[in-house]
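# Reading the structure
Listed below are the residues making up each chain.
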Amino acid sequence: MPTFASFDGLQLSYTVWEGRGRPVLLQHGFAADTNANWIAPGVVDTLQDAGLTVISLDARGHGRSAKPHDEASYGDDAMVRDVSALLDALNLDEVSMVGYSMGAMIALGAVAADPRIRCLAIGGVGSGIVDFGGVDTRVVTPEAISEALLASDPSTLPPSSAPFRLLADALRADRIALAAVARGTANPKLDLTAIAVPTLILAGDTDPLAAEPERLAAAIAGARLVRVPGDHMAAVMHPAFGSALTGFLTSHDL
């Protein structure tokens, strides 16, 4: 997988699948990576079958990208700035962007900051974006996620934070880096009314972190909402997710 130096010199990993039309940039969720969020569930294959050029970025602290253990490396909208740095590195004039969970928050920040993002699809989020600007702290807090990642006995974890530890362990992720991500990444200051690109919201029908997605859709002018079967981990794997996403992206590939 190729790498590039982001705005602060950190080496980040990305993957490109060649196709046609406007490139689609994928940003995965917390503790996941390109493979877990996009390749294994079949999303990349679905987009490739439609002939699209696909790019996936492993966020700092994740996958094959560099994994600093200090919280400061993840503050000041670092992951949003990484997106623009990748577009610079690849000399891209325009992309469509897809983000899931943490990746959705990054994508929302990126579309506000970078006019090269012409189309937006987000999943795994709901009214937490409207009420808190990011992770729905009514379900789980960043502090709880960090504690779960560093816990010596994961069997004692509450249901709200245990899945993050399970995913990190399954992927053999750097849990210290992920705990720093959780602590260091502040919810972005989002002005949802300023989003002026075509927007799709994909929400799992049993996903507590994507509760009340209709409120999020109402806050973004012209946004389309599609509910798909599944909870936070499973929704992205359902064929309806890839089908709705591909249909939306191809219809806005102008």
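Residues numbered from 1 in each chain as written. Predicted model: local features only at pLDDT ≥ 70, side-chain atom pairs only at ≥ 80, totals over all residues. Heavy atoms only, no water.

A separate point is the overall build of the protein chain. Secondary structure assignment for the protein chain yields 10 helices and eight strands. Taken over C-alpha atoms, the radius of gyration comes to 17 Å for the protein chain, in line with the 18 Å a tight globule of 254 residues would show. Dimensions of the protein chain, computed from the C-alpha atoms along their principal axes, are close to 50 × 40 × 30 Å. Buried residues in the protein chain amount to 55% of all 254 residues. Long-range pairs, those at least 24 residues apart, make up 71% of the contacts in the protein chain with a sequence separation of at least 6. Accessible surface for the protein chain amounts to roughly 10400 Å². Of this, 53% is attributable to carbon and sulfur atoms. Between the mean site of the 17 positive side-chain charges and the mean site of the 29 negative ones, the protein chain shows a separation of 1 Å. (Helix = DSSP H or I, 4+ residues; strand = E, 2+ residues; numbered from the N terminus. Rg over C-alpha atoms; globule rule 2.2 N^0.38 Å. Buried < 20%, exposed > 50% of the residue type's maximum accessible area, 1.4 Å probe, protein only. Contact = heavy atoms within 4.5 Å. Areas by Shrake-Rupley, 256 points an atom, 1.4 Å probe, with all protein chains shown as cover. Lys, Arg positive; Asp, Glu negative; His and termini not counted. Charge placed at Lys NZ, Arg CZ, Asp CG, Glu CD.)

Spatial ordering of the open sheet is given by β1-β2-β4-β3-β5-β6-β7-β8, a layout of eight strands whose pairing is mixed. The strands lining the two open edges of the sheet, one partner per strand, are β1 (3-5) and β8 (224-228). Neighbour-to-neighbour, the strand axes of this sheet turn through a mean angle of 25°, independent of strand direction. The pairing of strand β7 (residues 199-204) with β8 spans five bridges and is parallel. Its bridge partner being in β8, G204 is matched across the sheet by V228. Each of β3 (20-27), β4 (52-57), β5 (95-100), β6 (117-123), β7 and β8 touches helix α10 (residues 239-251); the most contacted strand, β7, lies at about 175° to it. (Pairing = 2+ DSSP bridges. Axes fitted to C-alpha atoms, helices over the stretch in contact; angles between N-to-C directions.)

Right, let's talk about the side chain of S13 for a bit. Along the polypeptide, S13 turns up in strand β2 (residues 11-17). By relative accessible area, S13 is classed as buried at 1%.

A separate point is the nonpolar core. Grouped together as the largest cluster of nonpolar side chains are 54 residues, with contacts concentrated most on F30 and I122. Per-element tally for this core: the top contributor is helix α4 (residues 102-113), with eight residues. Not counting the four nearest positions on each side in its chain, F30 is found in contact with H62, M102, I145, L149, F164, L167, L178, V181 and A182. Within the second largest apolar cluster, 24 residues are counted, among which are L26, L52, V98 and L200. (Core = buried A, V, L, I, M, F, W, Y, C linked by side-chain atoms within 4.5 Å.)

Shape is all these values report; function is a separate question.
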